[in-house]
Amino acid sequence: MAQIKRTVIAVSAVGAMVVLTACAPAGYDGTNAGAVEPVAVAAAEPTVTADPEVSANPEASATPGASASPGAEEANDVPLPDGVELTESLTGKKFPRMGSAVVNQDGFLLYRFDNDTNDPPASNCEGQCIEVWPAALTDGNPKLKGVSDDAVGTITRPDGTRQITLDGWPLYTYIGDKKPGQWKGQGVGGTWFVVNPDGSKNLECLPKGTPKAVSPPSKTKSDSGSDY
């Protein structure tokens with residue numbers, strides 16, 4: 001169990017993006033935003049687990065380059081946004097065609113955003129962007145498997161919630177992924193990518209062209225896609 005002890009303040013800036021994905025199972029039409037995509041099945045075995053020496057050191061859990069903030073070790077008492085749950089675990093897994101990826105406790109893949117920064121760690125996804133790409137929020141104590149705890153940290157978002165980072169990169173899920181094991185967010189807008197267990201972006205199974213995102217929940221049903 002990783003005890004995250006450091007945090008940085010996130011920069012507030014809207015990042016415009018777009019989504020749907022490819023290299024999907026046979027029969028998936030990436031040009032049709034409303035198409036039902038077959039679910040990719042994850043391999044049974046996770047990736048190599050974290051280095052025992054690293055895991056045994058709770059002080060090594062801060063994001064590289066992140067500066068400590070007062071009260072970083074205190075519990076996060078900020079109420080979560082409606083419908084948003086804490087990310088309770090990060091697990092490195094192998095997927096057919098996709099290769100390595102990180103999933104949460106429900107088996108949904110996590111993504112990173114090229115318009116964010118990891119030095120210093122900061123999120124540039126807000127407003128309707130964060131509706132489409134919910135932040136992976138934490139109470140500072142996620143369970144880790146196949147992910148080194150020395151690469152895991154947090155940032156504090158403008159609303160006071162704490163978002164998990166991996167190698168400094170803030171992590172997100174994608175509302176277009178309807179079932180565990182899907183990666184419809186891969187390559188969206190040319191800036192959203194599945195994250196590897198070391199925090200780097202997974203460049204496998206990239207779609208042809210530039211896919212668009214599903215519409216934010218705040219938009220009308222007549223909208224065919226978002227700009228995020």
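Just so it is clear, the structure is predicted and the values come from calculations on it, not from any experiment. (Residues numbered from 1 in each chain as written. Predicted model: local features only at pLDDT ≥ 70, side-chain atom pairs only at ≥ 80, totals over all residues. Heavy atoms only, no water.)

Visitor: Describe the overall build of the chain, with residues and values.
Guide: Scanning the chain from N- to C-terminus turns up 2 helices and 11 strands. Put simply, the chain runs from its N terminus to its C terminus through helices and strands in the order β-α-β-β-β-β-β-α-β-β-β-β-β. For the chain, with 228 residues in total, the buried portion stands at 50%. Partitioning the intrachain contacts of the chain with sequence separation of at least 6 by distance along the chain shows that 75% fall at a separation of at least 24. (Helix = DSSP H or I, 4+ residues; strand = E, 2+ residues; numbered from the N terminus. Buried < 20%, exposed > 50% of the residue type's maximum accessible area, 1.4 Å probe, protein only. Contact = heavy atoms within 4.5 Å.)

Visitor: So what's going on with the sheet that holds strand S3 (residues 99-103)? Which residues, and what values?
Guide: Spatially, S3-S2-S7 is the arrangement adopted by the 3 strands of the open sheet, whose pairing is mixed. Edge positions in the open sheet fall to S3 and strand S7 (143-145), since each of these has one partner strand only. Looking at each pair of strands side by side, their axes are set apart by 25° on average, direction ignored. As judged from the 5 bridges shared by strand S2 (residues 89-95) and S3, these two strands associate in the antiparallel manner. Residue pairing for S3: Thr 91 is matched across the bridge by Val 103. (Pairing = 2+ DSSP bridges. Axes fitted to C-alpha atoms, helices over the stretch in contact; angles between N-to-C directions.)

Visitor: An account of a negative patch on the surface is needed here, citing residue identities and associated values.
Guide: A grouping of Glu 85, Glu 88, Asp 106 and Asp 139 is seen on the molecular surface, where their side chains present a negatively charged patch. Tracing the backbone shows Asp 139 in the loop between helix H2 (128-132) and S7. What makes Asp 139 partly exposed here is its relative accessible area of 40%. (Patch = residues over 30% accessible without salt bridge, like charges linked within 9 Å, V, L, I, M, F, W, Y side chains within 5 Å. Areas by Shrake-Rupley, 256 points an atom, 1.4 Å probe, with all protein chains shown as cover. Salt bridge = Lys/Arg side-chain N within 4 Å of Asp/Glu carboxyl O. Lys, Arg positive; Asp, Glu negative; His and termini not counted. Charge placed at Lys NZ, Arg CZ, Asp CG, Glu CD.)

Visitor: Quick one: what's the story with the environment of Trp 169, residue by residue and with numbers?
Guide: With respect to the helices and strands, Trp 169 occurs in strand S10 (residues 169-170). For the pair Trp 169 and Asp 116, spaced 53 residues apart in sequence, the C-alpha separation works out to 7.1 Å. Ignoring any residue separated from it by four or fewer positions in sequence, one finds Trp 169 in contact with Arg 112, Phe 113, Asp 114, Asp 116, Thr 117, Asn 118, Ile 164 and Gly 199.

Visitor: Go over the pattern of salt bridges with me, naming the residues and quoting the values.
Guide: Summed over all chains, the structure comprises 2 salt bridges. Note that Asp 114 is salt-bridged to Lys 201, the shortest N-O span being 3.0 Å. Here Lys 201 lies in the segment after strand S11 (192-194) and Asp 114 lies in the loop between strand S4 (111-113) and strand S5 (117-118), a separation of 87 residues in the sequence. Look at Asp 114 and you get partly exposed, because its relative accessible area is 25%.

Visitor: Describe the packing of aromatic side chains, with residues and values.
Guide: Summed over the entire model, instances satisfying the criterion amount to 7 aromatic pairs. Aromatic side chains Trp 133 and Tyr 174 sit 4.5 Å apart centroid to centroid with 25° between the ring planes, which places their arrangement in the stacked category. Separated by 41 residues along the polypeptide, Trp 133 in the loop between H2 and S7 and Tyr 174 in the loop between S10 and S11 bring together distant segments of the chain. Ring centres of Trp 133 and Trp 192 lie 3.8 Å apart, and the angle between their planes is 0°; on these two criteria the pair is classed as stacked. Here Trp 192 lies in strand S11 and Trp 133 lies in the loop between H2 and S7, a separation of 59 residues in the sequence. Note on accessibility: Trp 133 and Trp 192 belong to one class, buried. (Phe/Tyr/Trp six-rings, centres within 6.5 Å; stacked < 30°, edge-to-face > 60°.)

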